[in-house]
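Okay, here's what each chain looks like letter by letter:
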Amino acid sequence: MTWQFEHVTLGQRVRFGTGEAAANLALEVERLGARRVLLIAEETSAAEVVVSKIDVTARCTDVAPHVPVANAERARTQASEVGADLLVSVGGGSTTGLAKAVALTTGLPIVAVPTTYAGSEATNVWGLTEAARKTTGSDDRVLPVTVIYDAALTASLPDELAVASGCNALAHCVDSMWAPRTDPINQALAVEGIRALRGGLREITTLDGREQMLYGAHLSAVAFASAGSGLHHKICHVLGGAYDLPHAQTHTAILPYVLAFNAPAAPQAAARITEALGTDLITLYDEVGASHVLRGVPDVSEAARLILPSVPPSNPRPVTEDDLAALLNAAQAGQNPTEWSRA
Ligand code: NAD
């Protein structure tokens, strides 16, 4: 085998410690010499705890799914009006996404404190939504300078949402195995991410399990940032923007069908995924109570038409509009993905 690839590792500090978020944030604010912190967070007790050891100049709570452009513009105005020199985000991917939208135009650094397993904190990808269309791009200005992981902050995530968010992280790993910039380094991160997430999902009710989830979520996001968006992410991205679907649940529903669709054309990747899962994906789903029923797509034909132009040409299997419609129909019906792919 002759390997030839170009790999980029993004530069970012990670501070990981359960129950340590407030202390770690204070260290980071001092290290960065920040004087005017704009906190971006929903009104949650987690956010109060995290900022309990620093001075906060202003707070933006204008968080909404998929970062509507209007919210981004209001937050940018606020950052400029208060003279912010650091953005601190505490929350899920929607909150991190709003901080990224501000960083994109202002260049302000972000310290991200994630409270879900969405993984946005470890990527240089931003997303904005306007008129039911989601636009994404990559820009190193939006990569948080530091991520603070604290499993105690995810304890308030209801188990069902934690499982769905964990499957969102699994999707980063699985898709990284055949995404456009897949390489041996990001595949290694993805496989270790799958192992950690498998363990965490099975112990989601414990703090140890939630720590494993955060570790796995980080690896998954680093792999995804490096490998890029594969078929799975392109499908979910279009569906999320067009129909305002819940992010984690949509990823959870679609993943088994994309894996079943691509596996025959990517046998090595599929074997590594199964080995890391220790079982097949649907067995794990059943065990941890994850749902592979897609909800909220009003018109499958329209969705398939919208998705097709963004399908990566490098996908292991050619994809037609009919394939996409069949995949979405199977997911809507909640068919067994393996049986569907064999039919
Ligand atoms: P989210 O941030 O919208 O959060 C989902 C729900 O969980 C919200 O109601 C929120 O209030 C609640 N929540 C968050 N943390 C909680 C906690 N600890 N306890 C209780 N409730 C909590 O959803 P998400 O799945 O974290 O993120 C989805 C968004 O992130 C999407 O817009 C997606 O596009 C984006 N995303 C971006 C990237 C990227 O690289 N740019 C990667 C992954 C996700």
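Scope of this entry: the structure provided in the associated data block.

Cut-offs applied
- Residues numbered from 1 in each chain as written.
- Predicted model: local features only at pLDDT ≥ 70, side-chain atom pairs only at ≥ 80, totals over all residues.
- Heavy atoms only, no water.
- Pairing = 2+ DSSP bridges.
- Helix = DSSP H or I, 4+ residues; strand = E, 2+ residues; numbered from the N terminus.
- Axes fitted to C-alpha atoms, helices over the stretch in contact; angles between N-to-C directions.
- Contact = heavy atoms within 4.5 Å.
- Near = heavy atom within 4 Å.
- Polar contact = N/O pair within 3.5 Å; in protein donor to acceptor, adjacent residues only side chain to side chain.
- Areas by Shrake-Rupley, 256 points an atom, 1.4 Å probe, with all protein chains shown as cover.
- Nonpolar A, V, L, I, M, F, W, Y, C, P; charged D, E, K, R; others polar.
- Buried < 20%, exposed > 50% of the residue type's maximum accessible area, 1.4 Å probe, protein only.
- Right-handed = clockwise from strand over helix to strand, strands pointing away.
- Phe/Tyr/Trp six-rings, centres within 6.5 Å; stacked < 30°, edge-to-face > 60°.
- Lys NZ or Arg CZ within 6 Å of the ring centre and 35° of its normal.

1. Quick notes on the sheet that holds strand E8 (residues 146-149)
Move 1: Across the sheet, which stays open at both edges, the six strands sit in the order E1-E8-E5-E4-E2-E3 with parallel pairing between neighbours. Strands with a single pairing partner mark the edges of an open sheet, and in this sheet they are strand E1 (13-16) and strand E3 (58-60). Taken pair by pair, the neighbouring strands of this sheet meet at an average axis angle of 20°, ignoring direction.
Move 2: Two strands pair when backbone bridges link them, and strand E4 (residues 86-91) and strand E5 (residues 110-114) are joined in this way by five bridges, in the parallel orientation. Its bridge partner lying in E5, Ser89 is registered against Ala112.
Move 3: Strands in contact with helix H3 (residues 69-81) are strand E2 (37-41) and E3; relative to E3, the strand with the most contacts, it is inclined by about 175°.
Move 4: Here helix H7 (residues 207-227) sits on the sheet in contact with E1 and E8, set at roughly 170° to E1.

2. Considerations on the site of the ligand
Move 1: Lining the immediate environment of the ligand, one finds 18 residues, of which Ser94, Thr115, Thr116, Thr123 and Lys134 sit closest.
Move 2: Contacts to the ligand include Gly93, whose backbone N or O atom sits 2.8 Å from an oxygen atom.
Move 3: Bound to the protein, the ligand loses 77% of the 860 Å² it would expose on its own.
Move 4: The leading source of residues in the shell around the ligand is helix H4 (residues 93-106), at three residues.
Move 5: Residues of the shell around the ligand, tallied by class, amount to five nonpolar, 10 polar and three charged.

3. Overview of the pairing of E4
Move 1: The buried count for E4 comes to six of six residues, which makes it a mostly enclosed element.
Move 2: Burial along E4 is two-sided: Leu86, Val88 and Val90 facing one way and Leu87, Ser89 and Gly91 facing the other are all buried.
Move 3: Both E2 and E4 contribute to a ladder of five bridges, which runs parallel. The partner of Leu39 across the bridge, within E4, is Val88.
Move 4: In this view, the connection linking E4 to its parallel neighbour E5 by way of H4 has right-handed handedness.

4. Things to note about the packing of aromatic side chains
Move 1: Evaluation of the coordinates by the stated rule reveals three aromatic pairs.
Move 2: Ring geometry for Trp3 and Phe5: centres 6.2 Å apart, planes at 75°, overall edge-to-face.
Move 3: Classification of Trp3 as exposed rests on a relative accessible area of 56%.
Move 4: The exposure class of Phe5 is partly exposed, given its relative accessible area of 39%.
Move 5: Their ring planes at 70° and their centres at 5.9 Å tell us that Tyr257 and Trp340 sit as a pair that is edge-to-face. Here Tyr257 is found in helix H9 (residues 247-262), whereas its partner Trp340 is found in helix H14 (residues 337-342), with 83 residues between them in sequence.
Move 6: A residue is classified by how much of its surface remains accessible, and Trp340, at 14% relative accessible area, is buried.
Move 7: The lysine or arginine in question, Arg317, covers the ring of Phe261, its NZ or CZ lying 3.8 Å from the ring centre.

5. Some points on unusual backbone geometry
Move 1: The residue Val67 is not glycine, and still its phi comes out positive at about 45°.
Move 2: Mapped onto the elements, Val67 comes out in the loop between E3 and H3.
Move 3: A positive phi angle is found at Asp244, which is not glycine, with a value near 50°.
Move 4: Relative to the helices and strands, Asp244 resides in the loop between helix H8 (231-243) and H9.
Move 5: On the basis of relative accessible area, Asp244 is assigned to the exposed category, the value being 56%.

6. Details of the side chain of Thr116
Move 1: Within the secondary structure layout, Thr116 lies in the loop between E5 and strand E6 (125-130).
Move 2: Taking relative accessible area as the criterion, Thr116 reaches 17% and is therefore assigned buried.
Move 3: Within the structure, Thr116 has its side chain in polar contact with the backbone nitrogen of Ala118 (distance 3.3 Å).
Move 4: If near-sequence neighbours (up to four positions away) are discounted, Thr116 is found in contact with Gly91, Gly92, Gly93, Leu157, Ser165 and Leu214.

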